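For reference, the chains in residue letters:
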Amino acid sequence: MDISWSVAVALLMVMVMVVSTGGANVSYDGRSLMIDGERKMLFSGSIHYPRSTPDMWPSLISKAKEGGIDVIETYVFWNLHEPQPGQYDFSGRRDIVAFMKQIQAQGLYACLRIGPYIEGEWTYGGFPFWLHDVPGVVFRSNNEPFKFYMQNFTTKIVNLMKSEGLYASQGGPIILSQIENEYQNVEKAFGEDGPPYVSWAAEMAVGLQTGVPWCMCKQDDAPDPVINACNGLKCGETFTGPNSPNKPSIWTENWTSFYQVYGQNATLRSAEDMAYHVALFIARKNGTFINYYMYHGGTNFGRTAAEYMITSYYDQAPLDEYGLIRQPKWGHLKELHEAVKLCSETILSVFPSMQSLGEQQEAYVFSGDSGACAAFLVNMDNTKSVVVQFQNSSYELPRKSISILPDCKTVAFNTAKVSTQFNTRITIPAIKFDTAEKWEQFEEVIPQFDATTLRSDVLLEHMNTTKDVSDYLWYTSSIQQDSMEQQSTLSVKSLGHVLHAFVNGEHVGSLHGRFRNTAFTLEGAVSLNEGTNNISLLSATVGLPDSGSFLERRALGVKSVIIEDSKEANNITSLSWGYQVGLLGEKLQIYSLEESKSVNWSSLGSSQPLTWYKSVFDAPKGDDPVALNLGSMGKGEAWVNGQSIGRYWVSFRTLAGIPSQTWYNVPRSFLQPGDNLLVLFEEETGNPLDITVDTISVTKPSLRK
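Residues numbered from 1 in each chain as written. Predicted model: local features only at pLDDT ≥ 70, side-chain atom pairs only at ≥ 80, totals over all residues. Heavy atoms only, no water.

1. Here's the deal with the nonpolar core
Side chains that are nonpolar tend, in soluble globular proteins, to be buried together.
Okay, so step 1: One finds Met100, Leu112, Met161, Phe376 and Trp612 to be the most contacted residues of the largest nonpolar core, which totals 181 residues.
Okay, so step 2: The biggest single contributor to this core is helix α8 (residues 271-284), with nine residues.
Okay, so step 3: Filtering out sequence-adjacent residues up to four positions away, Phe376 remains in contact with Ala279, Ile282, Ala283, Ile347, Glu362, Ala363, Tyr364, Phe366, Ile402, Ser403 and Ile404.
Okay, so step 4: Listed in part, the 21 residues of the second largest apolar core include Tyr475, Val503, Ile535 and Tyr579. (Core = buried A, V, L, I, M, F, W, Y, C linked by side-chain atoms within 4.5 Å. Buried < 20%, exposed > 50% of the residue type's maximum accessible area, 1.4 Å probe, protein only. Helix = DSSP H or I, 4+ residues; strand = E, 2+ residues; numbered from the N terminus. Contact = heavy atoms within 4.5 Å.)

Shown next, in the form of structure tokens:
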């Protein structure tokens, strides 16, 4: 390291930052982050660059700015940027430098959450799968192999930002960085290797000399000078506070809704609830940095979603998946930001005093030496509104609400009073694929044992075999049957996520697990012929796990296989097994513009499992966002002009019997004016004739009914 830990601590404790010509001095005290000595009240919004497209970035950032956002926050996605050790990719949606420069061009600050473990409902928590194969590695612990690669990547990103002058100390937008992510959730699992890892990560990060502060979220004992931050729905109630009087109170994840998994409904959060907890965090916890996670969620393109996560991400954020403003959430928060900014100078100058206004009512008063005064009047009662007396005046506080009085007299904003009108998202079919002539199909080849080259006498673990180059792994074997055809029972135990079973090329059953309950047993009757019988099992992952301790030890795929007839059970687990990683269609890349011509497509026939479908379409007119309505399909993946728009799983219904996701985002930048290639791989038996290409828009706002 270029700087010793003791020197780094000394530098930051006196708040002296290294500043180059044209740069800003970013520091902090017990009240807030400070830029060139000026305290700042900062509202931040998470927008993840790979979950949208470069042509969307300017609009997303502009709408965030208009909504009162000061800072754009993003994770850094290790597995995107270093797909193989020492091989880096910063192109297209991975162009984090261009994203940072767009933030700067619009006059906003940036918060860079390097991690490099991020969780984020992103496959494998952002780790590249090659890390799994590093000898002796133990993720996120005081483990030398892991620390070597973690430090290497963190240094790569910091040096990249420095080379482009993107830290505020260089005149760039980045005012805050994060190392690690919610480590306290798993720290106990690592025993004595946990605390030293936290200290090492903090020391390593500070030693990189970015000239701006570092934070750790959900790490109450974050070592000085790293700031401990809160994540959650209600940090105004749950945050234990800064672990030093010299650190500010910051909230790195204020969840605007919640992630959604297949088979579950979306968890919604009202604009009123969000505003209440933001105001409470400012009043009760002295909060001066609040980040909305997510402000725009976007899309988990390709195979980037973590296990069982739907392709759409935080669609209920203030900016929806397509970048459209979602009202009243966007507008209500904008009004909140404006009200707070009216009195931010007063708030930042002092710590508040608390006065009781009733059993469940409080006033937080910011009164400075200058005579300025601001107050937050809180009604914690969730059952009824109340009238309170404050400074010789009466104020009606709706249930579970906070009124902001920038001058301690006039109410500028109440968290429960939504004046912003509601809007509704509408979908309009623009293109139909409703005739068989518009489609061609290609049936995936079901491999047999004799055609495989990868062999083992034991059942291999799925992830360690595929190395995450595909969701799919074929397990094949063959058994001899001496007697005439007979009925037997096939029983396959799987650790998850999905299994399709074939005997002699015939589909005999499918089953899948669920989020956090991935294991299952597929059982079904099968007919065995006299002679050789081929068993082909297609195991499929739906994203890799992204959270918890010891990710490198997780296991998926087939665990045991038993065939039982009326006389005996034949455990064929120990037979020789042949493996095929991925699908033939994937190997041939038949979803791409050129390679789709390399196979013999046939006319649309009856729906069969494991079928590829192909069609072409013209881009819808106008500039409204575009989505593919896949409500008639089962489970698979879709590509437009060779670019994957993500996995779909329409057949995995919620308890109410509806798909978790029906529309799948097709960014305009993926399209050309005409002859756009649409390819789908369908695992089950969908009906492509009912697929449509729709345009997405929002209605004019209307008042709440």
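2. Observations regarding the pattern of salt bridges
As a working rule, side chains carrying opposite charge can pair if their charged atoms are close by.
Okay, so step 1: This structure, assessed with the given rule, holds 27 salt bridges.
Okay, so step 2: Glu73 serves as the salt-bridge partner of Arg113, at 2.7 Å between the closest nitrogen and oxygen. Here Glu73 lies in strand β5 (residues 71-75) and Arg113 lies in strand β6 (residues 109-115), a separation of 40 residues in the sequence. Taken individually, Arg113 and Glu73 each receive the classification buried, so the pair is uniform in this respect.
Okay, so step 3: By sharing partners, the salt bridges in this structure join Arg303, Asp468, Asp471 and Arg647 into a single network. (Salt bridge = Lys/Arg side-chain N within 4 Å of Asp/Glu carboxyl O.)

3. Quick word on the side chain of His132
Okay, so step 1: Examined against the element boundaries, His132 turns out to sit in the loop between β6 and α5 (144-163).
Okay, so step 2: Take His132: its relative accessible area is 17%, and that puts it in the buried class.
Okay, so step 3: Each residue touching His132, except ones within four places of it in the same chain, is listed here: Tyr124, Val137, Phe139, Asn464 and Glu552.

4. Points about the packing of aromatic side chains
Okay, so step 1: All chains considered together, the criterion is met by 48 aromatic pairs.
Okay, so step 2: For the pair Tyr308 and Trp649, a centre-to-centre distance of 6.1 Å together with 25° between the ring planes defines the contact as stacked. Within this pair, whereas Tyr308 is found in the loop between β11 (287-296) and α9 (329-342), its partner Trp649 is found in strand β35 (residues 643-649), the two being separated by 341 residues in sequence. Both residues of the pair, Tyr308 and Trp649, belong to the buried class.
Okay, so step 3: Geometrically, the ring pair formed by Tyr648 and Tyr664 is edge-to-face, given 6.4 Å between the ring centres and 75° between the ring planes. Linking Tyr648 in strand β35 with Tyr664 in strand β36 (residues 663-666), this pair joins segments that are 16 residues apart in sequence.
Okay, so step 4: Overall, the relative accessible area of 1% leaves Tyr648 in the buried class.
Okay, so step 5: Positioned above the aromatic ring of Tyr313 is the side chain of Arg51, whose terminal nitrogen or guanidinium carbon lies 3.6 Å from the ring centre.
Okay, so step 6: Sitting over the face of the ring of Trp649, Lys635 holds its NZ or CZ atom 5.3 Å from the ring centroid. (Phe/Tyr/Trp six-rings, centres within 6.5 Å; stacked < 30°, edge-to-face > 60°. Lys NZ or Arg CZ within 6 Å of the ring centre and 35° of its normal.)

5. Comments concerning the pairing of strand β22 (residues 472-481)
Okay, so step 1: Burial analysis of β22 places eight of its 10 residues in the buried class, which makes it a mostly covered element.
Okay, so step 2: Taken together, the 10 bridges between β22 and strand β27 (residues 531-540) define a ladder with antiparallel strand orientation. Note on β27: the bridge partner recorded for Gln480 is Thr532. (Pairing = 2+ DSSP bridges.)

6. Looking at helix α4 (residues 96-105)
Okay, so step 1: Among the residues of α4, those classed as buried are Ile96, Val97, Phe99, Met100 and Ile103. Across the axial projection of α4, the buried residues extend over an arc of 160°, all falling on one side. (Arc of directions from axis to C-beta.)

7. Thoughts on the confidence of the model for the chain
Okay, so step 1: Per-residue confidence for the chain gives a mean pLDDT of 95; residues scoring 70 or more make up 96%.
Okay, so step 2: For the chain, helix α1 (residues 5-13) is the element with the lowest average pLDDT, namely 35, and strand β4 (residues 42-47) is the one with the highest, namely 99.
Okay, so step 3: Contacts for the low-pLDDT stretch residues 1-21, under 50 throughout, to residues beyond four places or in other chains number 38 contacts. (pLDDT = per-residue confidence, 0-100.)

8. A look at the side chain of Glu182
Okay, so step 1: If you trace the backbone, Glu182 turns up in the loop between β7 (174-179) and α6 (194-206).
Okay, so step 2: Judged by relative accessible area, Glu182 falls into the buried class, the value being 9%.
Okay, so step 3: Of the polar contacts made by the side chain of Glu182, one reaches the side chain of Asn231; its length is 2.8 Å.
Okay, so step 4: The residues contacting Glu182, other than those within four sequence positions of it, are Glu119, Arg140, Cys217, Lys218, Asn231 and Glu253. (Polar contact = N/O pair within 3.5 Å; in protein donor to acceptor, adjacent residues only side chain to side chain.)

9. A word on the packing of helix α2 (residues 57-66) against α4
Okay, so step 1: Across the interface, α2 lies against α4 with an axial gap of 10 Å and an inter-helix angle of 40°. The angle between α2 and α4 places the two elements in the oblique class. The handedness of the crossing between α2 and α4 comes out as right-handed. Together, Trp57, Pro58 and Ile61 of α2 and Ala98, Phe99, Gln102 and Ile103 of α4 make up the contact between the two elements. (Axes fitted to C-alpha atoms, helices over the stretch in contact; angles between N-to-C directions. Parallel < 35°, antiparallel > 145°, perpendicular 65-115°, else oblique. Left-handed = near helix turned anticlockwise from the far one by under 90°.)

10. Focus on the pairing of strand β20 (residues 440-443)
Okay, so step 1: Relative to strand β31 (residues 602-603), β20 runs antiparallel, the two being bridged by two bridges. Bridging across to β31, Gln441 finds its partner in Ser602.
Okay, so step 2: The pairing of β20 with strand β32 (residues 611-617) spans four bridges and is antiparallel. Paired with Gln441 across the strands is Tyr613, a residue of β32.

11. With respect to α5
Every α-helix carries 3.6 residues per turn, so stepping three or four residues along brings you back to the same face.
Okay, so step 1: With 20 residues, α5 ought to run about 28 Å at 1.5 Å a step, and its terminal C-alpha atoms sit 28 Å apart, in line with that.
Okay, so step 2: Looking at α5, one finds that the buried residues are Phe146, Lys147, Met150, Phe153, Thr154, Ile157, Val158, Leu160 and Met161.
Okay, so step 3: Among the structural elements, α3 (78-81), α4, β6, β7, α6 and β8 (214-217) are those in contact with the buried residues of α5.
Okay, so step 4: A positive phi of about 65° marks Gly165, the residue just after α5. (Expected span 1.5 Å × (residues − 1).)

12. Remarks on unusual backbone geometry
Okay, so step 1: Of note, the bond from Asp224 into Pro225 is cis; its omega dihedral lies within 30 degrees of zero at 5°.
Okay, so step 2: When you line up the elements, Pro225 lands in the loop between β8 and β9 (227-232).
Okay, so step 3: Tyr293 connects to Met294 through a cis peptide bond whose omega is -5°.
Okay, so step 4: The backbone of Glu182 sits at a positive phi, close to 50°, despite the residue not being glycine.
Okay, so step 5: Even without being a glycine, Tyr314 presents a positive backbone phi close to 45°.

13. Focus on the sheet that holds strand β21 (residues 454-456)
Okay, so step 1: Taken together, six strands build an open sheet; the order of strands is β21-β30-β22-β27-β24-β25 and the sheet is antiparallel. The open sheet is flanked by β21 and β25 (506-512), the only strands paired with a single partner. On average, each strand axis in the sheet is inclined to that of its neighbour by 25°, with strand direction left out of account.

14. Considerations on the state of the cysteines
Okay, so step 1: Under the counting rule described, the total for this entry stands at two disulfides.
Okay, so step 2: A sulfur-sulfur separation of 2.0 Å characterises the disulfide bridge that pairs Cys230 with Cys235. Between Cys230 and Cys235, the S-S dihedral sits near -85°, and the bridge is therefore left-handed. A single burial state applies to Cys230 and to Cys235, both of which are buried.
Okay, so step 3: Covalent S-S linkage joins Cys373 and Cys408, the inter-sulfur distance amounting to 1.9 Å. The sign of the -70° torsion about the S-S bond sets the Cys373-Cys408 disulfide as left-handed. A residue pair is termed long-range when its members are at least 10 positions apart, and Cys373 in strand β14 (residues 373-379) and Cys408 in the loop between β17 (401-405) and β18 (413-414) qualify at 35 residues. Neither residue differs from the other here; Cys373 and Cys408 are each classed as buried.
Okay, so step 4: Left unpaired, Cys215 is separated from the closest cysteine sulfur, that of Cys111, by 5.4 Å.
Okay, so step 5: You can call Cys215 buried: its relative accessible area is 0%.
Okay, so step 6: For the unlinked cysteine Cys343, the closest cysteine sulfur is that of Cys408, found at 8.7 Å. (Disulfide = S-S within 2.5 Å.)

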